[in-house]
Amino acid sequence: QVQLQESGGGLVQAGGSLRLSCTASGNIFSFNPINNMGWYRQTPGNQRELVAVITRGGSTNYADSVKGRFTISRDNAKNMVWLQMNSLKPEDTAVYFCSSVVRSGRDYWGQGTQVTVSS
């Protein structure tokens, strides 16, 4: 059974910081390792959008709206990914989802963690 568990969301004032964590667990990863890990976010009535993604080799890609403020990192051995969010803005308010794409191409998702930034 595959499980992606996010943590670290919450309520913060504009200009503050939060650090999201995600741990991927499941026997499948022993023979189908994770390639890309990423963070997405979604607000009511809108599609889920990419925030940041990191490859197994450490290459990163960010949405333009978060460049210079957010940093994604991962630990391949522990199947963990983090998202350090600094200089948060009210428009960053969303449910943040962790994603893992394994070598076969299949993707797995967490249930999401709420981030609320007050003005």
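Everything that follows concerns the structure shown earlier in this document.
Let us look at the structure shown here.

Cut-offs used in this document
Position numbers for residues start from 1 in each chain and track the written sequence from start to end. Per-residue local features are limited, in this predicted model, to residues with pLDDT of at least 70; the limit for side-chain atom pairs, both in listing and counting, is 80 or more; totals at the level of whole chains, interfaces and linings are taken over all residues. For the side-chain quantities, the full set of heavy atoms in the structure was used; hydrogens and water were omitted. The aromatic pairing rule takes the rings of Phe, Tyr and Trp, using the six-membered ring of Trp, and pairs them if the centres are within 6.5 Å, calling planes under 30 degrees apart stacked, those over 60 edge-to-face and the rest tilted. Counting from the N terminus, the helices are DSSP H or I runs at least four residues long and the strands are E runs at least two residues long. Under the scheme applied here, a residue whose accessible area is under 20% of the maximum for its type counts as buried, over 50% as exposed, and between as partly exposed, the area being computed with a 1.4 Å probe on protein chains only. Cysteine sulfur atoms that come within 2.5 Å of each other are treated as a disulfide pair. In protein, a polar contact means a hydrogen-donor-capable atom and an acceptor-capable atom, both N or O and within 3.5 Å, with residues adjacent in sequence counting only if both atoms are side-chain atoms; elsewhere, any N or O pair within 3.5 Å suffices. In what follows, residue pairs with any heavy atoms lying within 4.5 Å of each other are defined as contacts.

## A closer look at the packing of aromatic side chains
Okay, so step 1: What the rule picks out here adds up to two aromatic pairs.
Okay, so step 2: Look at phenylalanine 29 and tyrosine 108: their rings are 6.1 Å apart centre to centre, the planes differ by 80°, and that puts the pair in the edge-to-face class. Placement of phenylalanine 29 in the loop between strand E3 (18-25) and strand E4 (34-42) and of tyrosine 108 in strand E10 (residues 107-109) is noted, with a sequence separation of 79 residues between them. Each of the two residues, phenylalanine 29 as well as tyrosine 108, counts as buried.
Okay, so step 3: Ring centres of tyrosine 40 and tryptophan 109 lie 5.0 Å apart, and the angle between their planes is 65°; this geometry places the pair in the edge-to-face category.

## With respect to the state of the cysteines
Okay, so step 1: Within the structure shown, the criterion is met by one disulfide.
Okay, so step 2: Covalently, cysteine 22 is tied to cysteine 98 through a disulfide, its sulfur atoms 2.1 Å apart. Across the S-S bond of cysteine 22 and cysteine 98 the torsion is about -80°, and the bridge reads as left-handed. Residue cysteine 22 is located in strand E3, and its partner cysteine 98 is located in strand E9 (residues 94-102); the two are separated by 76 residues in the primary sequence.
Okay, so step 3: For cysteine 22, a relative accessible area of 0% translates into the label buried.

## Comments concerning the side chain of arginine 41
Okay, so step 1: In this structure, arginine 41 sits in strand E4.
Okay, so step 2: Residue class for arginine 41 comes out buried when judged on its relative accessible area of 7%.
Okay, so step 3: Among the polar contacts listed, one links the side chain of arginine 41 to the side chain of serine 65, at a separation of 3.3 Å.
Okay, so step 4: Polar contacts involving the side chain of arginine 41 include one to the side chain of tyrosine 96, which spans 2.9 Å.
Okay, so step 5: If we skip the residues at most four places from it in the chain, arginine 41 touches Gln47, Arg48, Glu49, Val51, Ser65, Val66, Phe70, Glu91, Asp92, Ala94, Val95 and Tyr96.

## Considerations on unusual backbone geometry
Okay, so step 1: Located in the positive-phi region is asparagine 79, a residue other than glycine, with phi close to 50°.
Okay, so step 2: Structurally, the position occupied by asparagine 79 is in the loop between strand E7 (70-75) and strand E8 (80-85).
Okay, so step 3: When its relative accessible area of 14% is taken as the criterion, asparagine 79 is described as buried.
Okay, so step 4: With a phi close to 50°, serine 87 is a non-glycine residue in the positive phi region.
Okay, so step 5: Overall, the relative accessible area of 41% leaves serine 87 in the partly exposed class.

## Section: the environment of glutamine 114
Okay, so step 1: Following the sequence through the fold, glutamine 114 ends up in strand E11 (residues 113-118).
Okay, so step 2: Residues glutamine 114 and glutamate 6 lie 108 residues apart in sequence; the distance between their C-alpha atoms is 9.9 Å.
Okay, so step 3: Once residues within four sequence positions are removed from consideration, glutamine 114 is found in contact with Gly9, Gly10, Thr93, Ala94 and Val95.
Okay, so step 4: A polar side-chain atom of glutamine 114 sits 3.4 Å from the main-chain carbonyl oxygen of alanine 94.
Okay, so step 5: Among the polar contacts made by the side chain of glutamine 114, one reaches the side chain of threonine 116 at a distance of 3.3 Å.

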